[in-house]
Structure formats: structure tokens, C-alpha cells
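Structural characterization, general
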Amino acid sequence: MKWFKNLSTRMKLFLGFGIIIALLIAVTVIAKRGISFVEKSQKDIVTMEFANTIDLLALKANENETRVALLMMMSDSDRTGKELWHQRVKENAEEISKLMQRLLERNKNDQTILNRLDELNKVRLAFKETRDTQIIPLIYDGKIAEAKSLGLGVQTERFDKIRSITMEMVKDAEQKVQYRITKSEEEAKQTLSFFALAGIISIFTGVLIVIFMNSIIATPLKEISNIAVRVESGDLTVAPSLGDRKDEIGVLAHMFSKMIEGLRKQTADVMEAVNVLASSS
């Protein structure tokens, strides 16, 4: 570490505190990364999986209500009553279309979900077309038996298909929610471990830097201070033992050594002069 000792004191302090600051920045980055991951997972859960689940269940509920309204339309003998139930069918169909459009728009970047939604939408549109163009006209014409036959045949298969796809997608969304929650918990634990480890390393490094700075700055200064005290008491046999350091402390020690050496020479000259004077006397 000779090169480090030869650096200026200012540079030593910059490097020492720089290392501590770098470690603190690393701890902050690790913490922010973990928090960002958890926030993103929570956002995806709320804006994607939960939203998909809610819309899919709402779609299924509206399809059920539409089916019930259609059956009530078949059983109602009054045309006014049939028109009221028909209006309920139209309202549910409009709500289903909005839900489907929302699901398609939300999941446009997820090809797997988009494929399932396309499959669901094809079955739904076929179900809607048969209902609107065949079953409902038969009901208004009083051909209830034919309408029921058609409704209990291919329409039942389509309805079961719609319900099956919807529930499968709801189950997939629930599994994704659980997966994201698990990953968030794992990331939180990992971040906490990294945070604790980085904190311990920062503290340990900070202590080492303080001890090291003390050994190369404070201790030499204390040695020079002790030498100054001894020189003040008249002891000129001492000398700093700091080697050939080129920093401020090394320069100070070198100048101090030259000062002591000068004092020794002056003292020797004085003593010689005194001896000469004494001899002359």
C-alpha cells in the first residue's frame, strides 16, 4: 500500500469516503431494484390478472343472464313481455361486447391469452348470431318448440364451450397471481438478504477504512507530536521513523527531521564555542 501512503491526505480522504459512498449507493440500488420488482408485480396483478378475472367472471355472468332472459322470453305468452326480455338480452349482449373488447385490448401484448380470447370470441359471436337471427325470430313467430330445440342443441354446446374457456382462463389468471405473489416474496427475501449483506459489508469496510486511515494519518501525527514534546524537553536524539513517504505527513516528518538535525548542529556549535571560550579564559 506504499502508493496509497504517497497520495495526498485530501486524496486519501476522498478515496476512503468515496468507497463508503459507493457501497451506500450499491445498497440503495439493490433496495430500489427489489422494491421496483415488487411494485411491478403488484401492478401487473391489479391491472392484468385481477382485471382479467373480474371481466371474465362478469362476461360469464352476463352470458348466464342472457340465457335466462332467452328462456323467459320463450315462456312468456305476452308479446310485450317478450319484448321486455328481448331488451334484457340486448343490454347483456352490449355489456358482453364491451367486456370482450376490454379483454382484447388489455391483453394485446400477450399472445397466449389473446389466442384464447379469440377462440372465446368466435364461439360467442356464433352463439350470438344464432340467437339473434334464428332463435329470437322463432320465439316471436310462436315457434317455441323449434326455438327450444335449437337452443338446447348447438347453442347448449356453444354455451358450455364459452363457460369452459372462461373458467379455464380464470383459473390461469389465478395461477399467474399466485406465481407473481410467490416471485414477489422471493424477490423481497432476496433483496432483504442482499441489503443486509451489503449493509454488513459497508459497516465492515467503513471500520477498516477508519482503522487504516488512523494508522497512516493519526498515528504518524501522534508520533510527530510526541517527538515534538521530547524535543521541547531538550532531547535531540529522537527522529521520526516514517520512511520515505511523499504525502503531507511524510513532508512534515522530513522537515521535522531536518529541524532536529539543525538543532543538533546548532547545539554542537554552541557547545564548541563555549568550550573554546572556556579554554581561552
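The structure this text deals with has already been given above.
The written sequence of each chain sets the order in which its residues are numbered from 1. Totals for whole chains, interfaces and linings use every residue, but because this is a predicted model, local features are given only for residues with pLDDT of at least 70 and side-chain atom pairs only at 80 or more, for both listing and counting. Here the side-chain values reflect all heavy atoms present in the structure, with hydrogen atoms and water set aside.

Here we come to the overall build of the chain. Helix and strand assignments follow DSSP, with helices taken as H or I runs no shorter than four residues and strands as E runs no shorter than two, numbered in order from the N terminus. Each helix and strand in the chain was counted, giving seven helices and zero strands. Computed over its C-alpha atoms, the radius of gyration of the chain comes to 44 Å, more than 25% above the 19 Å expected for a compact globule of 281 residues. Along the longest, intermediate and shortest principal axes, the C-alpha atoms of the chain span 155 × 25 × 25 Å. Within the chain, buried positions represent 32% of all 281 residues. Contact between two residues is taken to exist if any of their heavy atoms lie within 4.5 Å; hydrogens are not considered. The long-range fraction of contacts in the chain, counting pairs at least 24 apart against all pairs at least 6 apart in sequence, stands at 76%. What sets the accessible areas is the Shrake-Rupley method with a 1.4 Å probe; for residues, cover comes only from the shown protein chains. Summed over all atoms, the accessible surface of the chain reaches about 17,700 Å², with 62% contributed by carbon and sulfur. Neither His nor the chain ends is counted toward charge; the positive residues are Lys and Arg and the negative residues Asp and Glu. Every charge is mapped onto a representative atom, which is NZ of Lys, CZ of Arg, CG of Asp or CD of Glu. Of the side-chain charges in the chain, 40 are positive and 37 negative, and the distance between the mean point of each set is 2 Å. Radius of gyration here uses only the C-alpha atoms, and the compact-globule reference equals 2.2 Å multiplied by the residue count raised to the power 0.38. Using a 1.4 Å probe on the protein chains alone, a residue whose accessible area is under 20% of its type maximum counts as buried, one over 50% counts as exposed, and one in between counts as partly exposed.

Attention now moves to the packing of aromatic side chains. Each pair of aromatic rings taken from Phe, Tyr and Trp, with Trp reduced to its six-membered ring, is defined by centres within 6.5 Å and is described as stacked if the planes are under 30 degrees apart, edge-to-face if over 60, and tilted in the remaining cases. Tallied over the entire structure, the rule returns one aromatic pair. The criterion for a charge sitting over a ring is simple: Lys NZ or Arg CZ within 6 Å of the ring centre, and within 35 degrees of the ring normal. Sitting over the face of the ring of Phe159, Arg67 holds its NZ or CZ atom 4.7 Å from the ring centroid.

What follows covers the nonpolar core. For this analysis, a nonpolar core means a set of buried residues of the types Ala, Val, Leu, Ile, Met, Phe, Trp, Tyr and Cys, connected via side-chain atoms within 4.5 Å. By size, the foremost hydrophobic cluster in this structure holds 18 residues, and its most contacted members are Leu56, Leu59, Met100, Leu117, Leu120, Ile162 and Met169. Those elements giving two or more residues to this core turn out to be α2 (9-75), α3 (79-106), α4 (111-140) and α6 (154-232). When residues in this core are grouped by element, the largest group, six residues, is from α4. Apart from residues lying up to four places away in sequence, Ile162 is in contact with Leu59, Glu63, Leu120, Val123, Arg124 and Phe127. Counting residues in each nonpolar core, the second largest holds 13 residues, with Met213, Ile217, Val231 and Leu236 among its members.

Our next topic: helix α5 (residues 144-152). The set of residues buried in α5 consists of Ile144, Ala147 and Gly151. The buried side chains of α5 occupy one side of the element, clustering within an arc of 60 degrees when seen end-on. Exposed residues on α5 whose side chains face more than 90 degrees from its buried face are Ala145 and Ser149. The arc under discussion is defined with respect to the helix axis, by the directions toward the C-beta atoms.

What follows is about the packing of α5 against α6. One way to put it is that α5 packs onto α6 with a least axis distance of 3 Å and a crossing angle of 35 degrees. Only Val154, Gln155 and Thr156 of α6 make contact with α5, whose side of the interface consists of Leu150, Gly151 and Leu152. Gly is placed with the polar residues, together with every amino acid not listed as nonpolar (Ala, Val, Leu, Ile, Met, Phe, Trp, Tyr, Cys and Pro) or charged (Asp, Glu, Lys and Arg). Residues belonging to the contact of α5 with α6 are distributed by class as follows: three nonpolar, three polar and no charged. Fitted lines through C-alpha atoms give the axes, limited to the stretch in contact for helices. The angle between two N-to-C directions lies from 0 to 180 degrees.

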